[in-house]
Structures are given as C-alpha cells and as structure tokens.
Amino acid sequence: MRPIHIFILISVIIILVPLFSYCASNDDEDVIVKMALEKYTIHVDIEQLRNAVTESLDGGIPFEDLYTFISSSAKANREIAEVSYYLNEIVDLRGKGIPEEVLMNSILEGIAKGIPGKIIRESISSIGMRLGFCYHTATNHSSRRRGHSNKVELLTKALFTAMDSGFSENDINTISSAVQKQKISPSFFLQSLRTMMELQRFELEYKEIIWLIEISIDKGYRISDIRAFPLIFSSETRKGLNEEDIYIRLLHDIENDMMPPGSFTRQAGGGWESQSGRESTRSGSSGPGGGSSSSSNGSGKGK
Amino acid sequence: MKKLQFHDDFLKKQLGSFKRIKTPEGTVKRLYSRIKEEEDAQHAGFVSNFFHILRLRREIVIAVLATLLLAVPLTFFSTKSLIAMKTGQKVYVVRFIHENESAQSVKLIGDFNNWNSDEIDMQRISGTPFWSTEITLREGLYKYVFLVDEAEWTIDPLAPIIVKDNFGQQSSIIVLLDDLEENNNL
C-alpha cells in the first residue's frame with residue numbers, strides 16, 4: 001500500500017464520520033417530530049415543528065431533554081409557536097453557558113400545571129435573569145476539582161430555589177461573602193442555603209435567618225452545627241417555647257461564644273440540643289442588623 | 001500415459017547430459033532443515049502470522065493507527081446519544097408518603113420525572129389513608145407536588161421546604177445532599 005492510498009483511506013474516513021453523525025442527527029429529528037405528531041390532537045404545522053426541533057438540536061439541547069420537552073408540550077397541545085419560543089429561550093441560555101435545566105423544568109412545571117402560555121412567557125425573562133445571577137454566584141464558589149460542573153449546577157439550582165422561597169439577591173450575596181471570607185467549600189454554602197430554606201418553616205423574618213447563618217459562619221461554626229438549627233427550633237417549639245425567644249437565645253449564645261462550635265449533640269430521642277443553650281436564661285440580644293461588628297445588610301423581606 | 005513416459009524419457013536424457021557436480025557436505029541436511037523451517041512458519045498461529053505481516057507492511061499499521069486516532073474522537077464528540085456521565089454523584093432511595101382518605105388516585109410529579117403525570121403512581125397502603133411510593137434519585141434538589149384525582153395539586157406537608165413556583169403556586173422541595181461532606185477548604 002502506497003502513502004497515497006493511505007491518505008485517501010484516511011480522508012474518506014474523515015468525511016464519513018461527520019456524515020454518519022449528520023445522518024444520525026436527522027434520525028433524531030424525525031423521531032421527535034413523529035412522536036410529537038402522534039401526541040398532538042390539534043392541527044400543527046409540521047415544517048414549523050421540524051424547524052424548532054432542528055434549531056434546538058443544533059443549539060446543543062440533548063436529544064433526551066428535547067424529546068421529553070416536546071413530548072410534554074405535545075401532550076398538553078401547546079401551540080408550536082409557543083413551544084418554539086420556549087426552546088429559543090433555552091438555547092439562548094445554553095449559549096450563555098448557563099445550565100438550562102432549571103428553566104426547562106420551570107416551563108415543564110407550568111405546562112403540567114396548565115398555566116397559560118402568556119404567563120409562562122412573561123415569567124421566562126425573570127427566570128433567566130435570576131438564573132444568570134445564581135450561576136454567576138455559583139461559579140464564584142467553584143473550584144477546579146473533579147465534579148466541578150456538577151457542583152456549580154447544583155449550587156445554581158439551590159440558589160435559584162432559595163430565591164424562589166423569597167430570599168433576595170442581597171441575602172444571597174451576604175451569605176456568599178461570609179462563606180468566601182471563611183474560605184469554605186461550595187458544599188458548605190449549599191448546606192447553608194438548605195438550612196436557610198428550612199428555617200422558613202418557623203415564624204422568623206428573612207433578615208433574622210440571614211443574620212443567624214451569617215454570624216454562625218463568621219464564628220467558625222461547622223456545617224453540622226448550622227444544619228442543627230431547624231432541629232433546635234422544632235424541638236424547642238414542641239416544648240412550647242416561642243420561636244422568637246428561641247431565636248434570640250440562640251443568637252445571643254452564638255454571638256457571645258457561649259456555644260462553642262461543635263457543641264450540638266444528638267439526643268437519645270433523635271432530636272438535637274445545644275449544651276449551652278439549654279442552660280441559657282438570658283435573652284434580649286441585639287438581633288439582626290444591630291449591636292454587632294458584623295452587620296447584615298438587612299435586606300431580607302419580612303414575612 | 002504415453003505422453004508421460006515420453007516426458008520421463010526426455011527428462012532422463014536431459015539429466016544424463018548434465019555434468020555431475022559433487023555437492024558440499026551437509027547440503028541435503030541444510031536443505032531439509034530449511035524446508036522444515038518454512039513448514040513450521042506456515043503452521044505457526046494466526047497471531048505470529050499477523051505480526052509477521054505487520055512487520056512487512058508498516059504502512060498498513062500507520063494507516064490504521066492514524067485512522068483510529070482521528071475517527072475515535074470524532075465519533076465520540078459527534079455522537080449525541082452518548083449518555084452524559086455525571087461523576088461523583090450519590091444515589092438515594094426516597095419514599096414519599098401522602099395522607100388522603102378520600103382520594104381515588106395520587107400521583108407524584110416533579111423535576112425528577114420532568115413533570116410527567118404518567119410516570120409515578122402512588123400506591124395506597126391497604127387499610128390506611130396513606131399513599132406511598134419509592135423512587136431512586138441522584139444527589140440534588142427536587143421540586144415536587146402530589147396530583148390527587150388528576151385534578152388537585154397538593155404540596156407535601158412533610159417536606160422541610162415549601163416554595164412558590166414561578167407562577168404563584170406552591171411546590172415542595174426535597175434536598176438530597178451528603179451531610180458528612182463539610183468544611184472542605186477551597
């Protein structure tokens with residue numbers, strides 16, 4: 001075999017591989033269009049549907065995700081123009097490097113719950129903006145270790161959920177700064193956000209929750225200590241104590257180092273209790289936003 | 001037969017006309033050993049023959065290697081059906097419970113099944129008002145609701161987090177994270 005033959009052989013293979021791939025992608029397109037047409041019970045413009053599918057596949061939306069999205073939209077008989085709009089927004093977000101999973105799930109949630117297309121459309125831009133902020137914040141906490149992209153995606157979703165539950169950008173920035181100041185991991189940030197959201201079950205204001213978490217991070221509390229806060233509240237309220245009193249006592253103990261980090265111990269009954277908090281009788285701490293060197297910006301929306 | 005005989009006679013005559021030369025000592029032995037070597041080479045396994053050919057045809061080896069080097073990455077990056085492998089994610093088995101005495105059907109719908117109401121039917125625990133199902137989920141945060149009798153969207157009162165969705169309705173959140181993973185410095 002002469003070198004020219006080898007060159008021809010390699011050239012043919014180089015041409016054939018993308019060609020096969022292109023043919024495979026055309027198959028993907030046909031599969032989705034066929035499936036959608038089977039599900040729609042209203043008349044749809046096939047060309048418009050095909051274009052939407054092709055553009056989405058070209059835009060990088062994975063086949064499985066697109067299949068699911070189109071399937072749900074077709075089952076709910078959503079107009080092709082409406083579906084195309086959603087897909088364009090998803091491709092646009094993906095183009096900016098922001099994980100599109102949250103937006104896709106939000107739209108699917110709206111479709112499943114029967115929310116009118118007009119309302120879903122209106123909410124998409126605000127979802128996109130919030131996602132942009134969350135992704136930017138999450139990447140600020142990322143490291144280049146293995147599984148980094150998964151962590152960023154997870155943190156983005158947690159931040160977005162925290163904002164869904166009512167925390168503002170300022171609240172998120174406050175906790176983000178506290179975590180960065182202590183040079184602790186994205187996992188810590190993630191667990192802090194989880195605790196913040198869980199504390200909302202109790203009669204506490206957003207700014208109170210932020211203050212409690214921020215000061216705990218500043219004082220060097222471990223995440224297992226912070227994760228115990230919701231359990232402390234639920235066990236103490238079961239005893240008939242007022243949530244505001246529990247909050248003031250807990251904050252007072254943390255601020256005055258009466259509760260050293262790692263002092264929460266698991267009780268035999270399964271609950272958690274602070275060793276020092278149990279003995280503390282004093283109350284009347286300065287509370288959020290006042291009397292401490294580390295002050296919250298107090299931007300949380302009161303309930 | 002006649003023809004063969006003639007042929008043999010002709011050969012005999014021709015050979016008789018050649019001048020006889022004495023062969024060097026051991027020539028016949030060497031000749032036999034060489035024939036044996038060639039026979040052994042022919043009977044050797046496929047692998048040795050294969051490598052023998054490779055040694056002789058270096059161009060083929062280079063061509064195959066070059067093709068593989070180019071084709072494998074191209075195929076890998078262009079194939080869309082490859083499953084995205086997410087490394088380092090833990091898997092959890094989660095049981096959802098919902099209490100509803102009068103319901104005829106309860107479905108579990110959320111991020112984990114792309115809000116598809118056809119996928120997860122909850123089963124009534126016989127003799128109780130409780131509906132239950134168990135699913136496997138990866139590490140993460142999941143928004144979900146119960147769909148009662150195909151019409152009523154109900155949040156999970158047992159969920160530690162309840163949020164408003166982007167359209168003004170409520171949803172429950174389940175968080176699956178490893179509590180032991182903590183305080184890793186950046």
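It should be noted that the structure appears before, not after, this text.
Rules used throughout
- Residues numbered from 1 in each chain as written.
- Chains lettered and ligands numbered in written order.
- Predicted model: local features only at pLDDT ≥ 70, side-chain atom pairs only at ≥ 80, totals over all residues.
- Heavy atoms only, no water.
- Helix = DSSP H or I, 4+ residues; strand = E, 2+ residues; numbered from the N terminus.
- Contact = heavy atoms within 4.5 Å.
- Areas by Shrake-Rupley, 256 points an atom, 1.4 Å probe, with all protein chains shown as cover.
- Salt bridge = Lys/Arg side-chain N within 4 Å of Asp/Glu carboxyl O.
- Patch = residues over 30% accessible without salt bridge, like charges linked within 9 Å, V, L, I, M, F, W, Y side chains within 5 Å.
- Buried < 20%, exposed > 50% of the residue type's maximum accessible area, 1.4 Å probe, protein only.
- Polar contact = N/O pair within 3.5 Å; in protein donor to acceptor, adjacent residues only side chain to side chain.
- Pairing = 2+ DSSP bridges.

Draft legend 1. Broad picture of the overall build of chain B. Across its full length, chain B holds 4 helices and 9 strands. Secondary structure elements of chain B, listed N to C terminal, follow the sequence α-α-α-α-β-β-β-β-β-β-β-β-β. The long-range share in chain B, meaning contacts at least 24 apart out of those at least 6 apart in sequence, stands at 64%. Entry remark: accessible area of chain B is about 13700 Å², with carbon and sulfur atoms responsible for 60%.

Draft legend 2. Seen up close, the overall build of chain A. If you tally the helices and strands in chain A, you get 14 helices and 2 strands. Long-range contacts, defined here as pairs at least 24 residues apart, represent 70% of the contacts in chain A between residues at least 6 apart. Carbon and sulfur atoms form 52% of the exposed surface of chain A, whose accessible area is close to 13800 Å².

Draft legend 3. Examining the pattern of salt bridges more closely. If you walk through the whole model with that rule in mind, you get 23 salt bridges over all chains. The structure contains a network of salt bridges with shared partners spanning Glu109, Lys113, Arg130 and Asp164 of chain A together with Lys143 and Asp165 of chain B.

Draft legend 4. Molecular detail of a nonpolar patch on the surface. Residues and elements named next belong to chain A. Together, Ile4, Phe7, Ile8, Val12, Leu16, Leu19 and Phe20 make up a nonpolar patch on the protein surface, roughly 690 Å² of accessible area in all. Tracing the backbone shows Leu16 in helix H1 (residues 3-39). With relative accessibility at 34%, the residue Leu16 sits in the partly exposed group.

Draft legend 5. Fine view of the side chain of Lys107 of chain B. Residue and element names in this part refer to chain B. Take Lys107: it is sitting in strand S2 (residues 106-110). Residue class for Lys107 comes out buried when judged on its relative accessible area of 10%. From its side chain, Lys107 meets the backbone oxygen of Ser117 in a polar contact 3.2 Å long. Only 2.7 Å separates the side chain of Lys107 from the side chain of Glu150, close enough to count as a polar contact. The contact partners of Lys107, leaving out residues within four places of it in the chain, are Ser117, Asp118, Ile120, Asp121, Met122, Val145, Phe146, Leu147 and Glu150.

Draft legend 6. Region of interest: the sheet that holds strand S5 (residues 130-138) of chain B. Residues and elements named next belong to chain B. Ordered in space as S1-S5-S4, the 3 strands form an open sheet in which the pairing is antiparallel. Only two strands of the sheet have a single partner each, and these edge strands are strand S1 (91-99) and strand S4 (123-124). Across 9 bridges, the pairing between S1 and S5 is antiparallel. In the strand pairing of S5, Val93 is matched with Thr136.

Draft legend 7. Spotlight on unusual backbone geometry. All names here are of chain B. The backbone of Trp115 sits at a positive phi, close to 55 degrees, despite the residue not being glycine. Looking at where Trp115 falls in the secondary structure, it is placed in the loop between S2 and strand S3 (120-121). A positive phi angle is found at Asp149, which is not glycine, with a value near 50 degrees. Considering the arrangement of structural elements, one finds Asp149 in the loop between strand S6 (140-148) and strand S7 (152-154). Classification of Asp149 as partly exposed rests on a relative accessible area of 35%.

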